[in-house]
Amino acid sequence: MTREDKLQVIEDLTAQLGDTGTIYLADISGLDAVTTSNLRRACFKANVKLAVVKNTMLAKAMEASDKDFGDLQSVLKGNTSIMIAEAANAPAKVIKEFRKKSDKPLLKGAFVEEAVYIGDDQLDALVNIKSREELIGDIIGLLQSPAKNVVSALQSGGNKLSGILTTLSEK
């Protein structure tokens, strides 16, 4: 790979890192071709982009990016694959589901909406992160519940009032 090619790869990685808020670093070394193909298929279905990267190029792209990746560069040892997605928990769900059949991929670290997670023990916490759509749904549900309570109280009050009026008119 020529120097210009390397600079182009670093530029492309820097642009990808700048465009997304969800980046996972995983170790998929030791997977055979069939298993790797299955992992790539699972990532594609979950709308997760999976690519194997060179650690030095990724480190230079992280340095060139305007985001603060904190200690994430410390995990750039050995084989590294980068997983990029729109949904914050999508790569974690893919990893967790895939590990039911295999012991890989191992989570090295993640950068999710300005927060840095280091180590494979963070996988459960990352799976439980709610997506933007889920959070919006929760907020809408919370905002609608007081209105529903008021409407139901008014309806039940109206039924009581009509019952009292009916009883009084019969007397």
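Residues numbered from 1 in each chain as written. Predicted model: local features only at pLDDT ≥ 70, side-chain atom pairs only at ≥ 80, totals over all residues. Heavy atoms only, no water.

Where an unreviewed UniProt entry is consulted, the chain appears under the name Large ribosomal subunit protein uL10, with the organism given as Tenacibaculum aiptasiae. Under Function (unreviewed entry), UniProt gives the following word-for-word description of the chain: "Forms part of the ribosomal stalk, playing a central role in the interaction of the ribosome with GTP-bound translation factors." (UniProt positions renumbered as here; feature names shortened; annotations may be inferred.)

S.K.: Please clarify how the overall build of the chain should be interpreted in this entry.
M.R.: Counting its secondary structure elements, the chain contains 6 helices and 5 strands. Secondary structure elements in the chain, listed N-terminal to C-terminal, are α-β-α-β-α-β-α-β-β-α-α. Counting over 171 residues, the chain shows a buried share of 36%. (Helix = DSSP H or I, 4+ residues; strand = E, 2+ residues; numbered from the N terminus. Buried < 20%, exposed > 50% of the residue type's maximum accessible area, 1.4 Å probe, protein only.)

S.K.: I'm lost on the packing of aromatic side chains in this one. Help?
M.R.: Aromatic ring pairs are defined here through the distance separating the ring centres and the angle between the ring planes. What the rule picks out here adds up to 1 aromatic pair. Pairing Phe69 with Phe111 gives two aromatic rings, centres 4.7 Å apart and planes at 55 degrees, and the pair type is tilted. Residue Phe69 is found in the loop between helix H3 (55-64) and strand S3 (80-85), and its partner Phe111 is found in strand S4 (residues 106-112); the two are separated by 42 residues along the sequence. Each member of the pair, Phe69 as well as Phe111, is classed as buried. (Phe/Tyr/Trp six-rings, centres within 6.5 Å; stacked < 30°, edge-to-face > 60°.)

S.K.: Could you clarify how one ought to interpret the sheet that holds S4 in this entry?
M.R.: Pairing between sheet strands relies on hydrogen bonds along the backbone, with the strands arranged either parallel or antiparallel. Reading across from one edge, S2-S3-S1-S4-S5 is the order of the 5 strands in this open sheet, with antiparallel pairing throughout. Bordering the open sheet on either side are strand S2 (48-53) and strand S5 (115-118), each of which pairs with just one other strand. Recorded for the sheet is a direction-independent mean angle of 20 degrees between the axes of neighbouring strands. Note that S2 and S3 share 6 bridges and pair antiparallel. Note that in S3 the partner of Ala51 across the bridge is Ile82. (Pairing = 2+ DSSP bridges. Axes fitted to C-alpha atoms, helices over the stretch in contact; angles between N-to-C directions.)

S.K.: I tried to follow the side chain of Thr14 on my own but got confused; where do I start?
M.R.: Structurally, the position occupied by Thr14 is in helix H1 (residues 3-19). Judged by relative accessible area, which is 18%, Thr14 ranks as buried. Not counting chain neighbours up to four residues away, the residues in contact with Thr14 comprise Ala61, Ala64 and Ser65. (Contact = heavy atoms within 4.5 Å.)

S.K.: It is not clear to me how the nonpolar core should be interpreted in this structure. Could you clarify?
M.R.: Of all hydrophobic cores here, the largest spans 24 residues; its most connected members are Tyr24, Leu39, Cys43, Val48, Met83, Val112 and Leu126. Only strand S1 (22-27), helix H2 (33-45), S2, S3, helix H4 (90-98), S4 and helix H5 (123-127) provide two or more residues apiece to this core. Looking at which element gives the most residues to this core, the answer is H4, with 5 residues. Leaving out residues up to four positions away in the same chain, Val112 has contacts with Gly21, Thr22, Tyr24, Ala88, Tyr117, Leu126 and Ile129. Core analysis: the next-biggest nonpolar cluster, separate from the first, contains 18 residues, Met62, Leu72, Leu76 and Ile84 among them. (Core = buried A, V, L, I, M, F, W, Y, C linked by side-chain atoms within 4.5 Å.)

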